[in-house]
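# Structural characterization, general
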Amino acid sequence: MTTPLPSWPPRSTDRRTAASRVTVPREPLDSARTGRRWVRRRARGMNADAAAAALDVARFDARQNSRHEDLAGDERGPAELGEWERITQLLADAPPGTVYDPDTDDVVRAELAADAAAAAAREAELREAIRIAARADELQALRELGTLAQAEPRTGDEAVRDELTRRAGGYIQDDVDAWLARALASRLGHYRDPAAREAAAGLLTPPVLAHAALLAELARLVPGTDIGQLAFAARLATTEPEATAALAAHLTHARPQAH
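Residues numbered from 1 in each chain as written. Predicted model: local features only at pLDDT ≥ 70, side-chain atom pairs only at ≥ 80, totals over all residues. Heavy atoms only, no water.

## What to know about the overall build of the protein chain
- Scanning the protein chain from N- to C-terminus turns up 11 helices and 0 strands.
- For the protein chain, the sequential pattern of α-helices and β-strands runs α-α-α-α-α-α-α-α-α-α-α.
- Of all 259 residues assigned to the protein chain, the portion counted as buried reaches 29%. (Helix = DSSP H or I, 4+ residues; strand = E, 2+ residues; numbered from the N terminus. Buried < 20%, exposed > 50% of the residue type's maximum accessible area, 1.4 Å probe, protein only.)

Set out below in structure tokens:
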């Protein structure tokens with residue numbers, strides 16, 4: 001008995017479930033930073049003499065480790081040694097009796113601030129990835145209902161287009177591209193804002209931009225034209241985006257100027 005082949009394309013519910021997984025950005029491992037943090041914990045409360053003694057031990061360990069080839073590429077050891085050297089010098093330059101406190105160390109404070117900024121950036125990246133995935137699910141549902149053409153684009157839908165393309169294995173989604181081109185030509189949704197239209201030039205592909213430009217000029221030539229009926233413009237833009245953009249520019253310059 002033969003096993004039936006899976007259907008293609010896969011069922012829409014399965015597709016959304018598999019495609020909507022969001023990769024959580026993680027803090028990259030940094031053995032050098034781990035070593036520096038370990039040194040700071042050990043050095044807390046040390047005075048200049050104690051730090052100098054710890055530095056001597058770190059230098060001895062570094063000499064011993066240099067004899068082992070398997071430790072040649074280790075970043076933690078050199079980072080620990082460098083941190084002991086920095087802390088020792090910091091205490092040597094400080095008033096007598098000063099003990100090391102990471103909480104008042106300007107270098108540590110700067111690193112903590114940088115870590116906080118990086119964590120905030122990762123959090124923002126995660127929120128954006130979740131938003132894109134949810135919007136892609138929404139647009140996919142509209143496609144399946146056959147109502148995508150009636151939807152208005154929102155800010156960030158250019159990235160959602162890329163997500164839908166990724167979900168399709170890199171294949172261009174003609175209906176999504178046509179929807180965005182018509183919206184850009186008709187200035188629908190967030191494309192009512194001139195800044196959004198200007199930004200689209202760097203976010204959408206040349207075929208989509210050429211398609212939108214030609215649609216806009218054809219609509220100006222024949223007022224009242226139903227842009228949805230100009231399917232040939234999409235075919236031109238897909239096969240010859242540069243020629244289509246040139247044609248749109250020519251039509252723009254050929255328009256009679258108001259006196």
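Picking up where we left off.
## Considering the confidence of the model for the protein chain
- Within the protein chain, residue pLDDT values average 85, and 83% of them lie at 70 or more.
- Across the protein chain, the secondary-structure element scoring lowest on mean pLDDT is helix α1 (residues 12-19), at 42, and the one scoring highest is helix α5 (residues 106-145), at 96.
- Overall, residues 1-19 carries pLDDT values under 50, and its contacts beyond four positions in sequence, including any with other chains, amount to 12 contacts. (pLDDT = per-residue confidence, 0-100. Contact = heavy atoms within 4.5 Å.)

## Section: the packing of helix α9 (residues 206-221) against helix α10 (residues 231-239)
- Two numbers describe how α9 lies on α10: the axes approach to 8 Å, and their chain directions differ by 145 degrees. Relative to α10, α9 is oriented so that their crossing is right-handed. Contacts between α9 and α10 involve P207, A210, H211, L214, L215 and L218 from the first element and F232, A233, A234, L236, A237 and T238 from the second. (Axes fitted to C-alpha atoms, helices over the stretch in contact; angles between N-to-C directions. Left-handed = near helix turned anticlockwise from the far one by under 90°.)

## Some remarks on the nonpolar core
- Residues W179, L180, Y191 and L204 are the most contacted members of the largest nonpolar core, which totals 19 residues.
- Where this core is concerned, the elements lending two or more residues are α5, α6 (157-167), α7 (174-186), α8 (194-200) and α9.
- Among the elements that line this core, the one with the most residues is α7, at 6 residues.
- Apart from the residues within four sequence positions on either side, L180 is in contact with P153, R161, Y191, L204 and V208.
- Formed by 13 residues, the second largest nonpolar core is a distinct cluster that contains A51, A58, L81 and L91. (Core = buried A, V, L, I, M, F, W, Y, C linked by side-chain atoms within 4.5 Å.)

## Side note on a nonpolar patch on the surface
- Judged by side-chain polarity, F232, L236 and L247 come together as a nonpolar surface patch covering roughly 240 Å² of accessible area.
- On the secondary structure map, L247 appears in helix α11 (residues 241-254).
- Classification of L247 as partly exposed rests on a relative accessible area of 37%. (Patch = residues over 30% accessible without salt bridge, like charges linked within 9 Å, V, L, I, M, F, W, Y side chains within 5 Å. Areas by Shrake-Rupley, 256 points an atom, 1.4 Å probe, with all protein chains shown as cover. Salt bridge = Lys/Arg side-chain N within 4 Å of Asp/Glu carboxyl O.)

## Quick look at the pattern of salt bridges
- By the definition in use, this model includes 24 salt bridges.
- Residues R131 and E128 are paired through a salt bridge, measuring 2.9 Å at the closest nitrogen-oxygen approach. Here R131 and its partner E128 are both found in helix α5, 3 residues apart, which amounts to about one turn of the helix.
- The class for E128 is partly exposed, based on a relative accessible area of 34%.
- For the salt bridge of R161 with D177, the shortest nitrogen-to-oxygen distance reads 2.5 Å. You can see R161 sitting in helix α6 and its partner D177 sitting in helix α7, a full 16 residues away along the chain. The same class applies to R161 and to D177, which are both buried.
- Connected through shared salt-bridge partners, R36, R40, E83, R86, D105 and E111 make up one network.

## Brief notes about the packing of helix α2 (residues 31-43) against helix α4 (residues 76-93)
- It is at 8 Å that the axes of α2 and α4 come closest, and there the two elements cross at 40 degrees. Considered as vectors, α2 and α4 are oriented oblique to each other. Read as a crossing pair, α2 and α4 show a hand that is right-handed. Taken together, the residues of α4 that come into contact with α2 (itself represented by S31, A32, T34, G35, R36, W38, V39, R40, R42 and A43) are R76, A79, E80, E83, W84, R86 and I87.
- Tallied by class, residues from the contact of α2 with α4 come to 7 nonpolar, 3 polar and 7 charged. (Parallel < 35°, antiparallel > 145°, perpendicular 65-115°, else oblique. Nonpolar A, V, L, I, M, F, W, Y, C, P; charged D, E, K, R; others polar.)

## Structural notes on unusual backbone geometry
- You will see that R187, though not glycine, has its phi angle at about 60 degrees, which is positive.
- In this structure, R187 sits in the loop between α7 and α8.

## Some details on the environment of R37
- Examined against the element boundaries, R37 turns out to sit in helix α2.
- For R37, a relative accessible area of 33% corresponds to the partly exposed category.
- Measuring from C-alpha to C-alpha, the distance between R37 and A79 comes to 9.7 Å, with 42 residues separating the pair along the chain.

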